[in-house]
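In case you want the letters, here they are:
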Amino acid sequence: MPKYLWRVSYFQEGAQGLLAQGGSARQAAITEMVESVGGSVESCYFAFGEDDLFVIGDVPDDVAAAALAIRTAAAGAAVSHTVRLLSPAQVDEAVALDVTYRPPT
């Protein structure tokens, strides 16, 4: 199953919800959302900086990942950036492919 990283930044409404409910409740809600599309959450960490939350998990495909992104955006409490992750074995496969490339000159 494809693995994804979601970088999440809260807007004011989302931060207020986090203050009211706490981090564990937010993690439970995220896990429920990911599981609703057939996925699972591997890890969930709150952070300082530009992003407030990092979630790593698996969902069946890019359509499921897009569904999560659209629902998050539509709710308006946070913005989520989806990053498709590759395993070292997948990178090994990629570098083994014969690719024709000519750099711009």
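**Looking at the overall build of the protein chain**
Consideration 1: Helix and strand counts for the protein chain come out as four helices and four strands.
Consideration 2: Mapped in sequence order, the helices and strands of the protein chain form the string β-α-α-β-β-α-β-α.
Consideration 3: A globule of 105 residues ought to have a C-alpha radius of gyration of about 13 Å, yet the protein chain, at 17 Å, is considerably larger.
Consideration 4: Here the protein chain holds 105 residues, and 24% of them are scored as buried.
Consideration 5: Taking the intrachain contacts of the protein chain between residues at least 6 apart in sequence as the baseline, contacts between residues at least 24 apart amount to 65%.

**Some remarks on the sheet that holds strand E1 (residues 3-10)**
Consideration 1: Spatially, the four strands line up as an open sheet ordered E2-E3-E1-E4, and their pairing is antiparallel. The sheet is open, and its two borders are formed by strand E2 (40-46) and strand E4 (78-85), each paired with just one other strand. The mean angle between the axes of side-by-side strands here comes to 20°, regardless of whether they run parallel or antiparallel.
Consideration 2: Both E1 and E4 contribute to a ladder of eight bridges, which runs antiparallel. The residue bridging Arg-7 from the neighbouring strand is His-81, located in E4.
Consideration 3: Against the sheet, helix H3 (residues 62-75) makes contact with E1 and E4, and its axis sits at roughly 165° relative to E4, the strand it touches most.

**What about a nonpolar patch on the surface?**
Consideration 1: On the surface, Leu-86, Val-91 and Val-95 cluster together into a nonpolar patch covering about 290 Å² of accessible area.
Consideration 2: Its place among the elements puts Val-95 in helix H4 (residues 88-96).

**What to know about the environment of Pro-103**
Consideration 1: Structurally, Pro-103 is set in the segment after H4.
Consideration 2: What makes Pro-103 partly exposed here is its relative accessible area of 43%.
Consideration 3: Taking the C-alpha atoms as reference points, Pro-103 and Phe-11, separated by 92 residues in sequence, lie 42 Å from one another.

**What to know about the pattern of salt bridges**
Consideration 1: Within the structure shown, the criterion is met by three salt bridges.
Consideration 2: Close ionic contact of Asp-51 with Arg-7 constitutes a salt bridge, the shortest N to O distance being 2.9 Å. Within this pair, whereas Asp-51 is found in the loop between E2 and strand E3 (53-58), its partner Arg-7 is found in strand E1, the two being separated by 44 residues in sequence.

**A short note on the nonpolar core**
Consideration 1: Membership of the largest hydrophobic core comes to 14 residues, with the highest contact counts inside it found for Trp-6, Ile-30, Leu-53, Val-55 and Val-59.
Consideration 2: At the level of elements, E1, helix H2 (23-36), E3 and H3 are the ones that each hand at least two residues to this core.
Consideration 3: Sorting elements by how many residues they give to this core places E1 first, with four residues.

Rules used in this analysis
Residues numbered from 1 in each chain as written. Predicted model: local features only at pLDDT ≥ 70, side-chain atom pairs only at ≥ 80, totals over all residues. Heavy atoms only, no water. Helix = DSSP H or I, 4+ residues; strand = E, 2+ residues; numbered from the N terminus. Rg over C-alpha atoms; globule rule 2.2 N^0.38 Å. Buried < 20%, exposed > 50% of the residue type's maximum accessible area, 1.4 Å probe, protein only. Contact = heavy atoms within 4.5 Å. Pairing = 2+ DSSP bridges. Axes fitted to C-alpha atoms, helices over the stretch in contact; angles between N-to-C directions. Patch = residues over 30% accessible without salt bridge, like charges linked within 9 Å, V, L, I, M, F, W, Y side chains within 5 Å. Areas by Shrake-Rupley, 256 points an atom, 1.4 Å probe, with all protein chains shown as cover. Salt bridge = Lys/Arg side-chain N within 4 Å of Asp/Glu carboxyl O. Core = buried A, V, L, I, M, F, W, Y, C linked by side-chain atoms within 4.5 Å.

So yeah, pure geometry; function would need other evidence.
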